[in-house]
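# Understanding the architecture of this molecule
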Amino acid sequence: MSQASAENSPTRSDAPTESDWEELRRAAVEIAGRAYAPYSHYPVGVAGLVDDGRIVRGCNVENAGYGVTLCAECGMVSELIAGGGGRLVAVWCVDGKGATIMPCGRCRQLVWEHGGAECLLQTPEGVLRMDQVLPQAFGPEDLTR
């Protein structure tokens, strides 16, 4: 699906339900079990609800050259784009034990780019909007100023 057709797809206007959040956590925990983390031994899984109702997932994939390690959020965003695009509505990130963790700064920027200020993030302190998690974020609109 092209980016143009992804933009014309139906979108969710409602907030994620309790069931949506449960499915995100389940998907994040499951995908964390597939992480490739032989160096840090810190598997991470993430799942995101897309505005068309899909769930996209990612896990960290480490590399002996640490700088080319892929965060779980990179995998999730790759699946989002490869599946036709859309906007993230809600995201949940967990460690290998299933505990909720906060994405690193780089990954918060990825979520911002593909979900915006309104995207909801489950954090160790509860659900927060991305504009609370990444205040004064730099986004595509800054490139046109």
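As a reminder, the structure under discussion sits directly above these lines.
Let me begin by describing the structure that accompanies this report. (Residues numbered from 1 in each chain as written. Predicted model: local features only at pLDDT ≥ 70, side-chain atom pairs only at ≥ 80, totals over all residues. Heavy atoms only, no water.)

With respect to topology, 5 strands assemble into an open sheet ordered β2-β1-β3-β4-β5, the strand pairing being mixed. Edge positions in the open sheet fall to β2 (55-59) and β5 (126-129), since each of these has one partner strand only. The sheet shows a mean angle of 20° between the axes of neighbouring strands, taken without regard to direction. Bridge analysis of strand β3 (residues 88-95) against strand β4 (residues 120-123) gives 3 bridges, and the strand direction is parallel. (Pairing = 2+ DSSP bridges. Helix = DSSP H or I, 4+ residues; strand = E, 2+ residues; numbered from the N terminus. Axes fitted to C-alpha atoms, helices over the stretch in contact; angles between N-to-C directions.)

This part covers helix α3 (residues 72-82). Along an α-helix, residues three or four positions apart point the same way, because every turn accommodates 3.6 residues. Within α3, burial applies to Ala72, Glu73, Cys74, Met76, Val77 and Leu80. The positive-phi residue at the C-terminal boundary of α3 is Gly84, with phi of around 115°. (Buried < 20%, exposed > 50% of the residue type's maximum accessible area, 1.4 Å probe, protein only.)

This paragraph deals with the packing of α3 against helix α4 (residues 105-115). Contact geometry for α3 and α4: axes closest at 9 Å, N-to-C directions at 20°. Accordingly, the angle class assigned to the pair α3 and α4 is roughly parallel. In this structure, α3 meets α4 at a crossing whose hand is left-handed. Counted together, Glu73, Cys74, Met76, Val77, Leu80 and Ile81 of α3 and Arg106, Cys107, Leu110, Val111 and His114 of α4 form the full contact between these two elements. Each residue belonging to the contact of α3 with α4 can be placed in one class, and the counts come to 8 nonpolar, 1 polar and 2 charged. (Parallel < 35°, antiparallel > 145°, perpendicular 65-115°, else oblique. Left-handed = near helix turned anticlockwise from the far one by under 90°. Contact = heavy atoms within 4.5 Å. Nonpolar A, V, L, I, M, F, W, Y, C, P; charged D, E, K, R; others polar.)

Before going further, it helps to spend a moment on the nonpolar core. Membership of the largest hydrophobic core comes to 21 residues, with the highest contact counts inside it found for Met76, Leu88, Val91 and Met130. Mapped onto this core, the elements with two or more residues apiece are β1 (44-50), α3, β3, α4 and α5 (130-133). With 4 residues, the single largest contributor to this core is α3. Leu88 has contacts with Gly48, Leu49, Val50, Val56, Met76, Leu80, Val111, His114, Gly115 and Cys119, leaving out every residue within four places of it along the chain. Core analysis: the second largest hydrophobic core is formed by 12 residues, Ala27, Ala47, Leu49 and Leu120 among them. (Core = buried A, V, L, I, M, F, W, Y, C linked by side-chain atoms within 4.5 Å.)

Taken together, Tyr36, Tyr39, Val61, Tyr66 and Leu70 make up a surface patch of nonpolar side chains, about 510 Å² in accessible area. Note that Tyr66 resides in the loop between β2 and α3. (Patch = residues over 30% accessible without salt bridge, like charges linked within 9 Å, V, L, I, M, F, W, Y side chains within 5 Å. Areas by Shrake-Rupley, 256 points an atom, 1.4 Å probe, with all protein chains shown as cover. Salt bridge = Lys/Arg side-chain N within 4 Å of Asp/Glu carboxyl O.)

The computed volume of the largest pocket comes to approximately 210 Å³. Residue lining of the largest pocket: 16 residues in total, with Tyr42, Val44, Asn60, Cys71 and Glu73 positioned closest to the centre. Class assignment of the residues belonging to the lining of the largest pocket gives a composition of 11 nonpolar, 3 polar and 2 charged. (1 Å grid on protein atoms, 1.4 Å probe; cavity = no way out; pocket = protein on both sides within 12 Å on 5 of 7 lines; lining within 4 Å. Points joined across faces, edges and corners; volume = space filled by probe spheres on them.)

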